[in-house]
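Descriptive analysis of the structure
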Amino acid sequence: MSAPLLSARGISKRFAGVRALDNVSADFFQGEVVAVMGENGAGKSTLMKCLAGVHQPDSGTLTWQGKDLRITSTRRAEQLGIAFIHQELNLCDNLDVASNVFLGRELKKAGCFLDAAAMRARTAALLERIGLRIPTNTPVSSLSIGQRQLVEIARALSLDARMVIMDEPTSSLTAGETATLFSVVRDLRTAGICVVFISHRIPEITAIADRVIVLKDGRFTGTLTKSELAPDRIVSLMVGRDLPPPEPRPLRQPGPVRLEVSNLRTAAFPARQLSFSLRAGEITGAAGLVGAGRTEAARAIFGIDRPIAGTISIDGNPLTHGNPRLAIRAGLALVPEDRKEQGLILDMAIRDNLSLPRLRHFAPSGFISDAAINRSAEDLSASLSIRSTGIHKLVGELSGGNQQKVALGRWLALSPGIIILDEPTRGVDVGAKREIYSLIESLAASGTAVLVISSDLEEILRLSDRILVLHEGHLAGTLTRQEASEASVMQLATGSSPRRPAA
Ligand SMILES: Nc1ncnc2c1ncn2[C@@H]1O[C@H](COP(=O)(O)OP(=O)(O)OP(=O)(O)O)[C@@H](O)[C@H]1O
Ligand SMILES: [Mg+2]
């Protein structure tokens, strides 16, 4: 192989009390797709941030096309031709799509005037390329997370980069959007660009990567070439041992109906009606493509958005629309898909984030017991396998996947009567996913009615007793556990087989 485009040698990076990267070396070549894998907190994002000028390594060297250099800022990285798509999306909500694509690099005419027409035209071409069918003047605030992710990708493509780093680009994309992204990635590879790709989804990695680099606890643990890409080998490099086979799925007997939704209409799909119910002790899955209306329905049920019409009843009592407080009082909990909306307080400790919704529980006599809060936070963070230096670590300093676990833990600890989980394992590694599944299962076993919204088909099939498949705002069909398969769900989700329409 020719000389590497970018070479990292002995990179180390510490944050207060944490060795995020410990002497990591890796090479990146032109025209290859390199996947970076590792558990939550392994150091993947930190390594990428060192390559993209976001962080300065404490020690080690970077060589770009044979020359040693320091990448002192993100601007410097962009000038070299390194585009970085952040795990935590980095768009300006108050600007439109075209302005975000060209943010900081606005096209000008006559040297000083913004050339809005040119930026719109180039943005339109980029959106076309990635299959995102929205006008270029759409405000970013009105986009779904999946769409925002695609806008970030358009921005990276607009840089004409030599190296494109994508930190978990697919975590909020559906199968269709992922397929489009992969064809873009293949085009980039053919054009001689190096694509670095982070994902927790092994099937994606085996489909797209030429090579995998694995990190564990900040150290490089190995590299696998295309012919060596067996899932077991990846997992054992990631986890440091073989993962035991998954436990058999427990049998569940659903109880009475807890939540009943009838003829719900939301602003996203005003002409469509949605009806379904959730039963105690049952896990219901909501499958569908991104944009099928699942998140909108969840938000309307919980009261964040006011539905246009319909009734929502809990235990037979109709719920007032548009009032989350009443919904919570009636026993409903919602874990939203957007981490920024999950109410995590980034500059507070894990312990406080976990106990905040339950403070009353810790203060039976009016005094809050610090020891009880600590004990409960220790237990929860162990059962969620939150990787950190301890429960006093600030949530904002955790890796993406570990923040997700804290967000989930807050609600799980409340043992709500009815819980809606929107994309509960986005960005969570394989081992921790299993732990989250068993937590969700124990909630159901204790009688909670659970709705899991997920674009991860494997997850839906693994967890659900019953699967609701949504397509463009309506229920395209319901599948029992026996009827459910990847094919039957996808058929309904894409609207290609209208079986068993909603009652
Ligand atoms: N700004 C920061 N301040 C303090 N600690 C940090 C900071 N950024 C990262 N860390 C720590 O560095 C370690 C590596 O984090 P990193 O975000 O690189 O993990 P990751 O492999 O990308 O994980 P994930 O799969 O969850 O995204 C973690 O222990 C994390 O808590
Ligand atoms: Mg990360």
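Residues numbered from 1 in each chain as written. Chains lettered and ligands numbered in written order. Predicted model: local features only at pLDDT ≥ 70, side-chain atom pairs only at ≥ 80, totals over all residues. Heavy atoms only, no water.

**Digging into the environment of Lys-216**
Of note, Lys-216 is situated in strand S11 (residues 211-216). Residues Lys-216 and Gly-38, 178 residues apart in the sequence, show an inter-C-alpha distance of 5.8 Å. Aside from chain neighbours lying at most four places away, what touches Lys-216 is Glu-39, Ala-42, Thr-221, Leu-237, Met-238, Val-239 and Gly-240. (Helix = DSSP H or I, 4+ residues; strand = E, 2+ residues; numbered from the N terminus. Contact = heavy atoms within 4.5 Å.)

**As for helix H13 (residues 400-412)**
Between its terminal C-alpha atoms H13 stretches 19 Å, which fits the 18 Å expected from 13 residues at 1.5 Å a residue. Burial of H13 is extensive: 13 of the 13 residues sit out of reach of the surface. (Expected span 1.5 Å × (residues − 1). Buried < 20%, exposed > 50% of the residue type's maximum accessible area, 1.4 Å probe, protein only.)

**Looking at the nonpolar core**
Counting 49 residues, the largest nonpolar core has Ile-130 and Met-166 as the members making the most contacts within it. No other element matches helix H5 (residues 145-158), which puts six residues into this core. Aside from chain neighbours lying at most four places away, what touches Ile-130 is Leu-150, Ile-153, Ala-154, Leu-157, Thr-180 and Val-184. (Core = buried A, V, L, I, M, F, W, Y, C linked by side-chain atoms within 4.5 Å.)

**Thoughts on the sheet that holds strand S4 (residues 59-64)**
The pairing of strands in a sheet comes from backbone hydrogen bonds and takes either a parallel or an antiparallel form. Read from one edge to the other, the open sheet built from four strands follows the order S2-S1-S4-S5, with strand pairing classed as antiparallel. Two strands bound the open sheet, and with one partner strand each, they are strand S2 (18-28) and strand S5 (67-69). The mean angle between the axes of side-by-side strands here comes to 30 degrees, regardless of whether they run parallel or antiparallel. One ladder, built from three bridges, connects S4 with S5; its direction is antiparallel. Across the sheet, residue Thr-63 finds its bridge partner in S5, namely Asp-68. Strand contacts of helix H1 (residues 44-51): strand S1 (6-15), S2 and S4, with the helix running at about 60 degrees to S2, the strand carrying the most contacts. (Pairing = 2+ DSSP bridges. Axes fitted to C-alpha atoms, helices over the stretch in contact; angles between N-to-C directions.)

**Quick notes on the domain arrangement of the chain**
You can read the domains of the chain as domain 1 (6-239), domain 2 (256-331 + 416-503) and domain 3 (344-415). For domain 2 and domain 3, the distance between their C-alpha centroids amounts to 26 Å. Contact residues are listed per partner, giving 16 residues for domain 2 and 11 residues for domain 3. Interface area lost by domain 2 to domain 3 is led by Pro-416, Glu-435 and Leu-439, which between them contribute 37%. Remark: the boundary between domain 2 and domain 3 carries zero salt bridges. Summed over the shared surface of domain 2 and domain 3, the result is two residue pairs in polar contact (both at pLDDT 80 or more). (Domains from an automatic or database assignment. Buried area = accessible area lost by both parts, 1.4 Å probe. Salt bridge = Lys/Arg side-chain N within 4 Å of Asp/Glu carboxyl O. Polar contact = N/O pair within 3.5 Å; in protein donor to acceptor, adjacent residues only side chain to side chain.)

**Quick notes on the environment of Phe-182**
Within the secondary structure layout, Phe-182 lies in helix H6 (residues 175-190). In this structure the C-alpha to C-alpha distance between Phe-182 and Ala-297, which are 115 residues apart in sequence, comes to 29 Å. Apart from the residues within four sequence positions on either side, Phe-182 is in contact with Thr-170, Phe-197, Glu-204, Ala-207 and Ile-208.

**What about the site of ligand 1?**
As a structural note, the neighbourhood of ligand 1 is formed by 20 residues, with Lys-44, Thr-46, Glu-397, Ser-399 and Gly-401 the closest of them. Contact between ligand 1 and Gly-41: an oxygen atom at 2.8 Å from a main-chain N or O atom of the residue. The separation between an oxygen atom of ligand 1 and a polar main-chain atom of Ala-42 is 3.2 Å. Starting from 640 Å² of accessible surface for ligand 1 in isolation, the protein chains cover 88%. Counting residues per element, the ones that place at least two in the shell around ligand 1 are S2, H1 and H13. Per-element tally for the shell around ligand 1: the top contributor is H1, with three residues. Across the shell around ligand 1, the residue classes tally to five nonpolar, 10 polar and five charged. In this structure, the shell around ligand 1 is formed jointly by two domains, domain 1 (6-239) and domain 3 (344-415), each of which donates at least three residues. (Near = heavy atom within 4 Å. Areas by Shrake-Rupley, 256 points an atom, 1.4 Å probe, with all protein chains shown as cover. Nonpolar A, V, L, I, M, F, W, Y, C, P; charged D, E, K, R; others polar.)

**A closer look at a nonpolar patch on the surface**
A cluster of nonpolar side chains, contributed by Leu-356, Leu-359 and Ile-368, occupies part of the molecular surface with about 210 Å² of accessible area. Counting through the fold element by element, Leu-359 comes out in the loop between helix H11 (350-355) and helix H12 (370-383). Residue classification places Leu-359 among the partly exposed residues on the basis of a relative accessible area of 30%. (Patch = residues over 30% accessible without salt bridge, like charges linked within 9 Å, V, L, I, M, F, W, Y side chains within 5 Å.)

**Here's the deal with the confidence of the model for the chain**
For the chain, per-residue confidence averages 88 on the pLDDT scale, and residues scoring 70 or more make up 97% of the total. When the criterion is pLDDT under 50, residues 498-503 qualifies, and its contacts beyond four places in sequence or with other chains add up to 12 contacts. (pLDDT = per-residue confidence, 0-100.)

**Some remarks on the sheet that holds strand S13 (residues 257-265)**
If you trace the four strands from one edge of the open sheet to the other, you get S14-S13-S16-S17, paired in antiparallel fashion. A single partner strand is all that each edge strand has here, and the edge strands are strand S14 (274-279) and strand S17 (317-318). Note: S13 against strand S16 (residues 309-314), five bridges, orientation antiparallel. Paired with Val-261 across the bridge in S16 is Ile-312.

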